[in-house]
Amino acid sequence: MLQKSSLTLSDGTKLDDLIIRESNEVSLRVMSDKELYDIEMERVFAKTWLLLAHDTEIPNSGDFVVRDMAEDNVIIARDREGNVNVSLNVCPHRGMRVCTAEAGNKPIHQCIYHGWAFKPDGDFIGAPVEREKMHGNDVDKKTLGLKKARVHVYGGLIFATWNIDGPSFDEFLGDSKYYFDQLFCRTDSGLELLGPPQRFIVPCNWKIPGEQSASDGFHTLTLHRSLMEGGIMGGTAESIYDQAPGMYGVDISCPQGHSLRCLEAAQTFKMFSDISFEGKSVEERLNMLPPPGITPELIPQLFKNLSADQVEQLATIPPQVGGIFPNILVLFIFAPRMDGGSSGALALHTYVPRGPDKVEFVNFIFAEKDVPEQVKRDMLQNSVQASGTSGTIEQDDADVWPQIMRNSRGAASKTMTLKYKALHGHERPEGWKGDGLLYPGFTKDDTQWNWWLAYHKLMSEA
Amino acid sequence: MTWKTQSTASLDSTNILRGLTSLKRVPLGSPVYNAILETLFNEAAALDERRFDDWTAMLATDLIYTAPIRLTRTGPTRDRDVMRSMFHFDDDYNSILMRIGRLHKSAWAEDPPSRCRRFITNVRVAECGTEGEYEVVSYLFLERSRGDNPENERMSAERRDVWREVNGSFKLATREIIVDQSVLGMANFAVFL
Ligand code: FES
Ligand SMILES: [Fe+2]
């Protein structure tokens, strides 16, 4: 029995009428509805963990970057003790932005309006003309700091939430942690962000890229057919649907809505199609074809940082694309280069809501910190050419999403539903080591449906 | 052009460099200036009209084509806002050919094509150290009409080029596109700038 959601919109429509769990459908109306958006700000974006930045952006005390937790602008700063703090960039005096830069280094953040000053950890220092007590006569200074979010650093990734007593970050990741560790926690020095993120606006509701990030593998064959036409992935332009390169693997997911697509390189790319792992040890496999972003020198570190089972998966069928609920896309892919340079592109995107009809696409591009400079150079180029602003893959996504939103407003159109009926159902492949919900074979709708269930759950909790 | 990856995403090795660096100006109205200006107009027309083969013919095979990101900064570093550690475009001749090859097949971001007008103004030219090469700085204003959307997408940028004279015509050897927005208002750069 499905538990009914109590959420009802002002026109009487229930959340259960929009996320139709009996038939695995979602009303198209959700892709632009203003009232739903306002509730999402409270129940999703103020409740869950959000990705903001990377450790390597703020190596020194006083370093800061400014980012957005949905529509709340925040300062991410390192204090003198080396801790990472996330504070609301809203002056408690009269509401001015305390920090007007996107990044920099400041031991003290002083508001340019009346001069209230704050430490990197958000604590209030004082207001100018101390003797006049411009912060108030009988006000405790401790109450005047910037509002602080709860912070968790995972594999160098800086997450924060306003849900101070909510689930821990590990509870939030759940069974998917085993797989995400293979990407973010596999080397001694970890990842490095190669530069400040690309940022651009796509005129669509955040849930359109959001639900896609939950491992929509199927769209690759059609929307991204230029990958097959360009000869990089297996198959030819004529045989795209017959060969369906990159479609067969194991999709993993969990009730929290996260997911990853685990794919064998030989099944996906033409240039790897002759590689046979038959009878090869894990170490031999890793040396024949290191997972995206890993160079041969780093292979011993994998064994040190991960369990034997995790390394075996990384060597055989590595996680490559997927998402972390609600708004993160993970792209840790093989990206073969024609010039023989370093293959692999490591990128994360956040889709930050900017109103019901706008989303900011933030593209973080990484390499492993301990790889040679030339590898970083190649991998930056691979990511810029494939993903984000000018990426030949994601240009096409950014063109589709606004058209879906535009379709969600008409009296007839908005009653249409998105269909998630191509379901495989959880099935544990033989010999599979990790936990979670598992969907082997052709990539289907299961992971995206789990994303909507996670959304439904949060939206139902007042 | 030399380029170096930063060892962290730290901000401090960017520079303020703007506009022309060479002091050997090629004056407005001189034959070389006129020929380069005409080349820029021809290039804009080739791109607006989607004559990609004509555009390719204007590119040097050692082309470096980049668009660094911009970052809003304050205080002593306020003018160091061109971040050459991250790019919107990070291309060379071969990757540009790949992009053009894609545009001839299934590139839905430009199929249907955008209708573009590239307005090129404020052109300044100077001689480079190398014989026959010219630094050319221009402003670009792009109006891009997409589908049946009556509101154009638009962007402004400065372009810092090196054009090389080869057998009486000019080839683009370097282009650095300095966009003005730190958060782009355009959903993709599926068009060349
Ligand atoms: S608003 Fe910041 S000091 Fe007045
Ligand atoms: Fe896509």
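Residues numbered from 1 in each chain as written. Chains lettered and ligands numbered in written order. Predicted model: local features only at pLDDT ≥ 70, side-chain atom pairs only at ≥ 80, totals over all residues. Heavy atoms only, no water.

1. Points about the pairing of strand β3 (residues 82-92) of chain B
All names here are of chain B.
Argument step 1. Within β3, 10 of the 11 residues are buried, which leaves it mostly tucked inside the rest of the structure.
Argument step 2. Looking at chain direction, strand β2 (residues 59-70) and β3 are connected through seven bridges and run antiparallel. Counterpart to R70 in the pairing with β3 is V82. (Buried < 20%, exposed > 50% of the residue type's maximum accessible area, 1.4 Å probe, protein only. Helix = DSSP H or I, 4+ residues; strand = E, 2+ residues; numbered from the N terminus. Pairing = 2+ DSSP bridges.)

2. A few points about the nonpolar core
Argument step 1. Counting 157 residues, the largest nonpolar core has I76, F184, V330 and W452 of chain A together with W55 of chain B as the members making the most contacts within it.
Argument step 2. Once residues within four sequence positions are removed from consideration, I76 of chain A is found in contact with L52, A53, I58, D63, F64, V65, R67, V84, N85, V86 and I158 of chain A. (Core = buried A, V, L, I, M, F, W, Y, C linked by side-chain atoms within 4.5 Å. Contact = heavy atoms within 4.5 Å.)

3. Some points on the side chain of H349 of chain A
Residue and element names in this part refer to chain A.
Argument step 1. Its location among the elements puts H349 in strand β19 (residues 345-353).
Argument step 2. Polar side-chain contacts of H349 include one of 2.8 Å to the side chain of E394.
Argument step 3. Ignoring sequence-local partners within four residues, the contact set of H349 consists of N327, I328, L329, L331, F361, V362, N363, S387 and E394. (Polar contact = N/O pair within 3.5 Å; in protein donor to acceptor, adjacent residues only side chain to side chain.)

4. Quick notes on the coordination of the iron ion (ligand 2)
For a metal with four tetrahedral donors the ideal donor-metal-donor angle is 109.5 degrees, whereas six octahedral donors ideally subtend 90 or 180 degrees.
Residues and elements named next belong to chain A.
Argument step 1. Ligation of the iron ion (ligand 2) by protein atoms is provided by H219 (NE2), H224 (NE2), D397 (OD) and D397 (OD), these donors lying 2.1 to 2.4 Å from the ion.
Argument step 2. Read N to C, the donor residues that coordinate the iron ion (ligand 2) are spaced as H-x4-H-x172-D. Of this pair, H219 sits in the loop between α5 (207-213) and α6 (220-223) while D397 is found in helix α14 (residues 394-406), placing the two residues 178 residues apart along the sequence. (Donors = N, O, S within 2.8 Å, 3.2 Å for Na, K, Ca; no water.)

5. Structural notes on the sheet that holds strand β21 (residues 417-419) of chain A
Residue and element names in this part refer to chain A.
Argument step 1. If you trace the three strands from one edge of the open sheet to the other, you get β1-β2-β21, paired in antiparallel fashion. The sheet is open, and its two edges are formed by β1 (19-20) and β21, each paired on a single side.
Argument step 2. Relative to β21, strand β2 (residues 25-27) runs antiparallel, the two being bridged by three bridges. Within the sheet, the bridge partner assigned to E25 lies in β21 and is K419.

6. Examining helix α13 (residues 373-386) of chain A
Residues and elements named next belong to chain A.
Argument step 1. With 14 residues, α13 should reach 20 Å at 1.5 Å per residue; the first-to-last C-alpha distance of 20 Å fits that figure.
Argument step 2. Counting buried residues along α13, 12 of its 14 residues qualify, which places the element largely inside the surrounding structure.
Argument step 3. Along α13, the residues that are buried comprise V375, K376, R377, D378, M379, L380, Q381, N382, S383, V384, Q385 and A386.
Argument step 4. Positioned one or two residues after α13, G388 has a phi angle of 70 degrees, which is positive. (Expected span 1.5 Å × (residues − 1).)

7. Considerations on the sheet that holds strand β6 (residues 84-88) of chain A
Note on sheets: strands pair through backbone hydrogen bonds, and any given pair is parallel or antiparallel.
Residues and elements named next belong to chain A.
Argument step 1. Taken in spatial order, the four strands make up an open sheet running β6-β5-β4-β7, and their pairing is antiparallel. Unpaired on one side and paired on the other, β6 and β7 (103-105) mark the two borders of the sheet. The sheet shows a mean angle of 30 degrees between the axes of neighbouring strands, direction not considered.
Argument step 2. Two strands pair when backbone bridges link them, and strand β4 (residues 63-69) and strand β5 (residues 72-78) are joined in this way by six bridges, in the antiparallel orientation. The residue bridging V65 from the neighbouring strand is I76, located in β5. (Axes fitted to C-alpha atoms, helices over the stretch in contact; angles between N-to-C directions.)

8. Considerations on helix α2 (residues 34-45) of chain A
Argument step 1. Taken together, the buried positions of α2 of chain A are L36, Y37, I39, E40, M41, R43, V44 and F45 of chain A.
Argument step 2. The inward-facing, buried residues of α2 of chain A abut α1 (15-18), β3 (50-54), α5, β19 and α15 (446-460) of chain A.

9. Details of the interface of chain A and chain B
Argument step 1. Between chain A and chain B, the residue contacts involve 46 residues of the former and 41 residues of the latter.
Argument step 2. In terms of surface lost to chain B, no three residues of chain A exceed E102, P196 and T389 of chain A, which account for 15% of the buried area on that side.
Argument step 3. Here chain A is connected to chain B by four salt bridges.
Argument step 4. For D148 of chain B, the salt bridge identified is with R406 of chain A, shortest N-O distance 2.7 Å.
Argument step 5. Counting residues per element, the ones that place at least two in the side of chain A that touches chain B are β7, β13 (191-193), β14 (198-202), α6, α7 (225-229), β20 (359-368), α13 and α14 of chain A.
Argument step 6. Among the elements that take part in the side of chain A that touches chain B, α13 of chain A stands out by supplying seven residues, more than any other.
Argument step 7. Looking at the side of chain A that touches chain B residue by residue, the classes come out as 17 nonpolar, 13 polar and 16 charged. (Buried area = accessible area lost by both parts, 1.4 Å probe. Salt bridge = Lys/Arg side-chain N within 4 Å of Asp/Glu carboxyl O. Nonpolar A, V, L, I, M, F, W, Y, C, P; charged D, E, K, R; others polar.)

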